[in-house]
Every structure is written in structure tokens, then in C-alpha cells.
Amino acid sequence: PRLPRWMTRLPWQLLAVDGTTLSTTRSPAITRHFPTIKDRSGGELSPHPLTRFVVAWDVLRHLPVTWWLSSIRSGERMSFLSMLQRITTSSLFLFDRGFPSRDLLTALLARGHHFVFRMVATDAAAWPEVQRFLASKKRSAWVTFTIGRGKQVSTIRLRLIRRVFLRGRPCKGQKREVMV
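What counts and how
- Residues numbered from 1 in each chain as written.
- Predicted model: local features only at pLDDT ≥ 70, side-chain atom pairs only at ≥ 80, totals over all residues.
- Heavy atoms only, no water.
- Helix = DSSP H or I, 4+ residues; strand = E, 2+ residues; numbered from the N terminus.
- Buried < 20%, exposed > 50% of the residue type's maximum accessible area, 1.4 Å probe, protein only.
- Salt bridge = Lys/Arg side-chain N within 4 Å of Asp/Glu carboxyl O.

Student: I'm lost on unusual backbone geometry in this one. Help?
Tutor: In most cases, non-glycine residues show a negative phi, while peptide bonds are predominantly trans. Here the phi dihedral of His62 falls at roughly 60°; this positive angle occurs in a residue that is not glycine. On the secondary structure map, His62 appears in the loop between strand S2 (50–58) and strand S3 (63–71). Residue His62 is classed as partly exposed on the basis of its relative accessible area, which comes to 45%. Look at Lys137: it is not a glycine, yet its phi comes out positive at around 65°. Its place among the elements puts Lys137 in the loop between helix H5 (128–135) and strand S6 (140–147). Overall, Lys137 belongs to the exposed group, its relative accessible area being 68%.

Student: Please clarify how the pattern of salt bridges should be interpreted in this entry.
Tutor: Per the stated rule, a full pass over the model turns up four salt bridges. Of the charged contacts in the structure, one is a salt bridge between Asp58 and Arg61, with a shortest N-O distance of 2.7 Å. Taking the relative accessible area as the measure of exposure, Asp58 reaches 4% and is therefore buried. A salt bridge links Asp103 to Arg149, with the nearest nitrogen and oxygen atoms 2.6 Å apart. Separated by 46 residues along the polypeptide, Asp103 in helix H4 (residues 102–110) and Arg149 in the loop between S6 and strand S7 (154–161) bring together distant segments of the chain.

Dropping the structure here:
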């Protein structure tokens with residue numbers, strides 16, 4: 001499909017990042033590195049070892065730039081941080097809801113990357129800054145975030161945007177979701 005003209009003129013490579021769970025074949029070599037998931041009583045939920053597969057995909061060229069395969073016990077964020085050192089050119093990353101973390105923001109900014117995150121907007125899981133933004137009922141705002149740890153603590157200003165759905169959305173029977 002044709003991409004918008006502004007997207008092809010970006011000075012950075014445009015990378016979409018997401019992760020998934022892959023089921024692998026069972027062999028002694030694979031089960032040493034990748035676990036099978038067990039329930040509380042110790043029984044296997046699946047006979048196949050599970051892996052976490054995270055990929056950074058070049059949106060304009062439709063090609064993977066880099067990927068990381070890890071144990072299912074490793075989260076998407078940790079897998080991405082492990083593969084981030086492989087991406088040497090300044091990039092604009094597009095992330096889904098599971099990725100935002102203060103450590104990840106710190107790592108991206110330290111390497112000169114740009115990012116767009118889809119943030120969790122539920123009361124239980126949203127960052128305090130996102131909760132205050134949602135309570136303000138504004139459509140968009142510049143919000144100050146604290147990132148880093150220890151002596152490396154700093155503040156950054158990020159723009160938060162409340163997604164406005166098209167008329168007719170959500171479809172009949174679906175609940176309207178708030179998206180930031």
C-alpha cells in the first residue's frame with residue numbers, strides 16, 4: 001500500500017516493534033533454553049517449549065531490521081532492550097501498550113532515538129502522569145515525566161494525545177476504549 005508522503009520524508013528509519021509468543025518443537029536441546037509452562041500443581045499446560053519473539057520492523061521497506069528470541073520468562077521490554085544495541089542509526093520507534101517503561105525511555109533517549117508509545121489508560125495500570133492527563137479531559141497536553149534512576153534521574157516533557165475514534169466506533173456491542 002502507498003504510504004503517506006510525510007512518512008517517506010522522515011529523517012529517521014521508521015521501526016515498528018512488537019513481540020509474540022512462539023511454540024517450538026520439543027527436543028532436549030530446546031527444552032534446556034526454553035521452558036514449558038506449568039500450572040500450580042506442576043503439570044505442563046503445553047507440551048511445547050515457549051519462546052518470546054520480538055522484532056523491529058522497518059515500516060517503509062517492509063523488512064525486519066533486527067529480532068530477539070528469548071525465553072517466555074523474559075518480557076518484551078527486556079528482549080527489546082537486549083536487541084536495542086544492534087540498532088545504530090537514529091530511528092523513530094512505534095510501540096504498543098506493553099512496552100512503555102521509564103528504563104526504556106531512558107535507554108532510547110541515551111541512544112538518540114525517537115518514539116511513539118501507545119500507553120495504558122486503565123485506572124489500575126496507567127502511569128500517574130497519564131492518569132492526571134486523563135482526569136484533565138484534555139485532548140492533548142505536554143506532560144513532564146521523571147525518568148532514570150539514582151544519580152541519573154532527569155525529567156523530560158512528552159506530548160500525550162487522547163485518541164478520538166471515528167464516528168460509529170466502537171461497533172455495536174463493543175465498549176469504547178480510551179487510548180493515549
